[in-house]
Amino acid sequence: MAVDLLLGLQWGDEGKGKIVDVLTSNYDIIARFQGGPNAGHTLEFDGIKHVLRTIPSGIFHESAINLVGNGVVIDPVVFVQELDGLDQFNIDYKKKLVLSRKAHIILPTHRLLDAASETAKGKAKIGSTLKGIGPTYMDKTGRNGIRIGDLELDNWKEKYRALANKHEALIGFHDVKIQYDLKELEDEFFTAVDRLKELTFIDSEAYLHDAMDAGKSILAEGAQGSLLDIDFGTYPYVTSSNTTAAGACTGLGVAPNQIGEVFGIFKAYTTRVGSGPFPTELFDDTGAEMAKVGHEFGAVTGRPRRCGWLDLVALKYTCRVNGVTQLMMMKGDVLSGFDKLEVCTAYKYKGETITHLPFNIEPENVTPIYTKFDCWKEDLTQMSDPSQFPKELNEYIDFLEKELQIPIKIVSVGPDRTQTIHR
Ligand code: GDP
Ligand code: IMO
Ligand code: MG
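Everything quoted here is computed from the prediction, not taken from an experiment.

So, how was this worked out
Residues numbered from 1 in each chain as written. Chains lettered and ligands numbered in written order. Predicted model: local features only at pLDDT ≥ 70, side-chain atom pairs only at ≥ 80, totals over all residues. Heavy atoms only, no water. Helix = DSSP H or I, 4+ residues; strand = E, 2+ residues; numbered from the N terminus. Rg over C-alpha atoms; globule rule 2.2 N^0.38 Å. Buried < 20%, exposed > 50% of the residue type's maximum accessible area, 1.4 Å probe, protein only. Contact = heavy atoms within 4.5 Å. Phe/Tyr/Trp six-rings, centres within 6.5 Å; stacked < 30°, edge-to-face > 60°. Lys NZ or Arg CZ within 6 Å of the ring centre and 35° of its normal. Near = heavy atom within 4 Å. Polar contact = N/O pair within 3.5 Å; in protein donor to acceptor, adjacent residues only side chain to side chain. Areas by Shrake-Rupley, 256 points an atom, 1.4 Å probe, with all protein chains shown as cover. Nonpolar A, V, L, I, M, F, W, Y, C, P; charged D, E, K, R; others polar. Pairing = 2+ DSSP bridges. Core = buried A, V, L, I, M, F, W, Y, C linked by side-chain atoms within 4.5 Å.

(A) Main features of the overall build of the chain. On a plain count of helices and strands, the chain comes out with twelve helices and 20 strands. For 423 residues, the compact-globule estimate of 2.2 N^0.38 gives 22 Å, and the C-alpha radius of gyration of the chain, at 21 Å, lies within 12% of that figure. Taking the principal axes of its C-alpha atoms as reference, the chain extends roughly 65 × 50 × 40 Å. Taken over 423 residues, the chain has a buried fraction of 58%. Across the chain, the fraction of contacts at a sequence separation of at least 24, relative to all contacts at a separation of at least 6, is 77%.

Now the structure itself:
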């Protein structure tokens, strides 16, 4: 049985959480493969909105097992807050939530290091969510990290102390003042670790291999978006993991030839939170309108998301890097009633017209070239079938499918589970 992947094709917040929740009824296992609590995945049903950070977005379904893979970085403090959130809805997560022993742990000092590093960068800051993601992955690749499986060993606190001491020295190395009370942070951390230890830790790659042998269906859930990928994103304004399809192989222990469908999610426009280049960004009333109607505020930090037109140059690139087999277009409802729509189909780059993403997409190098479309006027949010789509929406979808050569199989017309139209 193949493993299907679901991942974001832009700069994150495409609506991954919503679609994973919608698709969960088709799968036995939902497995998060990278990132950490920098993610905020929103699900809405029965009039209630839930935001998940590390826990896979299948957790609200009765039957599916939700697996946190080895490629994920876990902050016990945030994780326990998520569990508390689930407790409010009587979700029996102990039976259906499992954690990879190989997943790395975010320590309180990783968060402090993130803050020190960002402050020291000044204007060049990444715009990190400050959840300790970068420093934790640095310790992973530097071979110093502490993993979930270490919590089962007697001496893990010695390892913790040595690493935390090193981090304190590193914080001092940054020429900035960071106020903190480590004792307080550690009390909170160790209490959270005790709670985490009540959950099931597994050798997740073996678990998934057995599941595949037994014919179980698996959906791998990505976090962030392809343009935030450490290798293929807009470096250095990226996150610290491989958010693209290859990250699912390393983040779960799944071989490339076991990958089935690759579901790529994109918004009908583009958003970005944090710093970094964004060629189609709008600084006018249209951009402000997208932000307002689309409620474009970060699910994790509450920061306003920058908004702009759909960038087909970037979307073609991310479809290619991921091997996307099916597309899902989100938030078309937000654009209803706009005067016109624009889609960037090429860049003017050093005097030439190009249709690939160059090394440097800073505004001084790249000017987007747009194709204009009429916009639909109808409210899409109550629609339930593609036959109800206005002509302009069909034209927009047809154009994108033709350009990308990949079918758009789901059109999402609102945040709720039910506002999902299959084509
Ligand atoms: P994720 O990180 O990819 O899971 O996405 P987020 O949850 O951070 O951001 C997506 C936001 O858009 C959330 O507030 C969703 O509830 C909302 N959303 C998802 N799909 C749609 C849609 O089709 N229309 C509208 N209006 N909102 C949507
Ligand atoms: P989901 O899964 C949008 C952005 C941050 C910052 C950069 C690096 O909800 O789509 P980090 O905290 O990783 O050091 O931040 O990446 N970023 C996201 N933007 N959605 C996310 O996750 C993001 N996770 C990180 O804003 O620009
Ligand atoms: Mg999000």
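Once the structure has been displayed, the description carries forward.
(B) Fine view of the packing of aromatic side chains. Scanning all chains against the criterion turns up eleven aromatic pairs. Taking 5.4 Å as the distance between ring centres and 65° as the angle between the ring planes, the aromatic pair formed by phenylalanine 45 and phenylalanine 60 counts as edge-to-face. With phenylalanine 45 in strand S3 (residues 41–45) and phenylalanine 60 in the loop between strand S4 (48–52) and strand S5 (65–68), this residue pair connects regions lying 15 residues apart in the sequence. Look at tyrosine 160 and phenylalanine 189: their rings are 5.5 Å apart centre to centre, the planes differ by 25°, and that puts the pair in the stacked class. Separated by 29 residues along the polypeptide, tyrosine 160 in helix H6 (residues 156–173) and phenylalanine 189 in helix H7 (residues 182–196) bring together distant segments of the chain. By relative accessible area, tyrosine 160 is classed as buried at 0%. Overall, the relative accessible area of 1% leaves phenylalanine 189 in the buried class. Ring pairs connect the aromatic residues Trp156, Tyr160, Phe189 and Phe190, which therefore count as one cluster. A cation over an aromatic ring shows up here: lysine 157 above the ring of phenylalanine 190, its NZ or CZ 4.6 Å from the ring centre. Positioned over the ring face of phenylalanine 45 is arginine 417, at 3.8 Å from the centre of the ring.

(C) Molecular detail of the site of ligand 1. In the vicinity of ligand 1, 19 residues are found, and the nearest of them are Gly15, Lys16, Thr42, Asp333 and Ser412. At a separation of 2.8 Å, an oxygen atom of ligand 1 approaches a polar backbone atom of glycine 15. For ligand 1, whose free accessible area comes to 580 Å², the fraction covered by protein is 93%. Looking at the shell around ligand 1, the elements that each hand over two or more residues are helix H1 (16–23) and S3. Taken together, the residues of the shell around ligand 1 break down into four nonpolar, seven polar and eight charged.

(D) Fine view of the pairing of S4. Summarising the sheet, S3 and S4 pair through five bridges and their orientation is antiparallel. Paired with glutamate 44 across the strands is lysine 49, a residue of S4.

(E) Here's a closer look at the nonpolar core. One finds Leu327, Met329, Leu335, Leu341, Tyr396 and Leu400 to be the most contacted residues of the largest nonpolar core, which totals 58 residues. For this core, the leading source of residues is helix H12 (residues 391–404), giving six residues. Excluding residues that lie within four positions of it along the chain, leucine 341 makes contacts with Trp309, Leu335, Thr371, Lys372, Phe373, Asp374, Cys375, Trp376 and Tyr396. With 35 residues, the next largest nonpolar core counts Leu52, Ile146, Ile148 and Leu196 among its residues.

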